[in-house]
Structure formats: C-alpha cells, structure tokens
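Structure at a glance
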Amino acid sequence: MTYDNKDITSGLALFEKDFGLDVSYLDLANQPDFSYDQAYLKIMRVVEDLMERNFNALINVLYRIDVSEHKLKAALAITNDNPAAIITKMILERELQKVATRKKYS
C-alpha cells in the first residue's frame, strides 16, 4: 500500500504521542513531509533504543497501540531479519492504519 507524505507525517505524530516522546525528538514541526523510508528510520531508532534499554516498555506500547501479538510472533518466527526492523514495520503500518481509519470516518 502507498501512503502520501501527509499521512506518513500524521502517522509519525501518532507514534510520537503513543510512545510519549518529546515533541522535539522527531521535530515534526520543522519537517512537514516525510517519506515512508524517513519515517521508518526515525521509528527504528526509537525501537532499537527501547529494545536495548527498556524492552518491557516497548512491549507495553505495542500492546497499547494494538500491534497484533500473533502477527508479530509469526513475523519474527519466519524470518532472519533484524527483530527491530520487523517491529518497526509493524508499528509504522499500524499507525498508518489508524490514520487511514480516522480519515475515512472524519
């Protein structure tokens, strides 16, 4: 699925809120448009940090934002990719789903 830059930026704003990040961390106000790859890299940095420093906090946030535990476990089991990369992709896709749903019903 493709997303426009405005949707990606909205998804990053949700990510920032859901993860309790300081608004200066992603600096969304100074860069209004993000590509999917840019958003992915920003989220990946946070995921890697949480995996290293506070894995329980990461698990709690994944639960709160409704990343499917079943899908996550399945994805981690069938690939040799970096776990942080898989988690990042699932977070970004979930946040973009929420943006699409809000757009559809607003």
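Here the structure is shown first, and the text comes after it.
The structure contained in this document is the topic of the report that follows. All figures in this text were calculated on a predicted structure; none of them were measured in a lab.

For the rest of this paragraph, the subject is the nonpolar core. If you look at soluble globular proteins, the nonpolar side chains tend to sit buried side by side. Counting 30 residues, the largest nonpolar core has F15, F19 and I91 as its most contacted members. Among the elements that take part in this core, helix 6 (residues 83–104) stands out by supplying eight residues, more than any other. Those residues in contact with I91 that lie beyond four places of it in its chain are F15, F19, I43, V47, L62, I65 and V67.

This part covers the packing of helix 3 (residues 36–53) against helix 4 (residues 55–64). Their axes nearest at 6 Å, the elements helix 3 and helix 4 cross at an angle of 130°. Here helix 4 runs oblique to helix 3, going by the angle between their axes. Where helix 3 abuts helix 4, its residues V47, L50, M51 and R53 lie against F55, A57 and L58.

Now for the side chain of E16. Positionally, E16 belongs in helix 1 (residues 5–18). The side chain of E16 sits in the buried core without any salt bridge; K42 is the nearest counter-charge, 8.6 Å away. For E16, the residues in contact, after removing those within four places along its chain, are L21, D22, V23, L26 and L28.

A few words now on the pattern of salt bridges. Within the structure shown, the criterion is met by seven salt bridges. Residues K98 and D18 are paired through a salt bridge, measuring 2.8 Å at the closest nitrogen-oxygen approach. Here the residue K98 occupies a position in helix 6, and D18 occupies one in helix 1, the gap between them amounting to 80 residues. For the pair formed by K98 and D18, the shared burial category is buried. Taking the shortest distance from any N to any O, the salt bridge between E95 and K98 comes out at 3.0 Å.

Attention shifts here to the packing of helix 3 against helix 6. Any two packed helices are characterised by how steeply their axes cross, that is the angle between the axes, and by the distance between the axes. Orientation of helix 3 relative to helix 6, taken along the N-to-C sense of each, is 125°, at an axis distance of 9 Å. Taken together, the axes of helix 3 and helix 6 lie oblique to each other. The handedness of the crossing between helix 3 and helix 6 comes out as right-handed. In this structure, helix 3 contributes Y36, A39, Y40, I43, M44, V47, E48 and M51 to the contact, and helix 6 contributes P83, A84, A85, I87, T88, K89, I91, L92, E93 and L96. In terms of residue class, the contact of helix 3 with helix 6 is built from 14 nonpolar, one polar and three charged.

Our focus in this paragraph is the packing of aromatic side chains. Scanning the entire structure with this criterion turns up one aromatic pair. Summarising the aromatic geometry, the rings of F15 and F19 are spaced 4.4 Å apart at their centres and angled 40° between planes, so their arrangement reads as tilted. The buried category is assigned to F15, whose relative accessible area is 0%. For F19, a relative accessible area of 12% translates into the label buried.

Cut-off values and rules
- Residues numbered from 1 in each chain as written.
- Predicted model: local features only at pLDDT ≥ 70, side-chain atom pairs only at ≥ 80, totals over all residues.
- Heavy atoms only, no water.
- Core = buried A, V, L, I, M, F, W, Y, C linked by side-chain atoms within 4.5 Å.
- Buried < 20%, exposed > 50% of the residue type's maximum accessible area, 1.4 Å probe, protein only.
- Helix = DSSP H or I, 4+ residues; strand = E, 2+ residues; numbered from the N terminus.
- Contact = heavy atoms within 4.5 Å.
- Axes fitted to C-alpha atoms, helices over the stretch in contact; angles between N-to-C directions.
- Parallel < 35°, antiparallel > 145°, perpendicular 65-115°, else oblique.
- Lys, Arg positive; Asp, Glu negative; His and termini not counted.
- Salt bridge = Lys/Arg side-chain N within 4 Å of Asp/Glu carboxyl O.
- Left-handed = near helix turned anticlockwise from the far one by under 90°.
- Nonpolar A, V, L, I, M, F, W, Y, C, P; charged D, E, K, R; others polar.
- Phe/Tyr/Trp six-rings, centres within 6.5 Å; stacked < 30°, edge-to-face > 60°.

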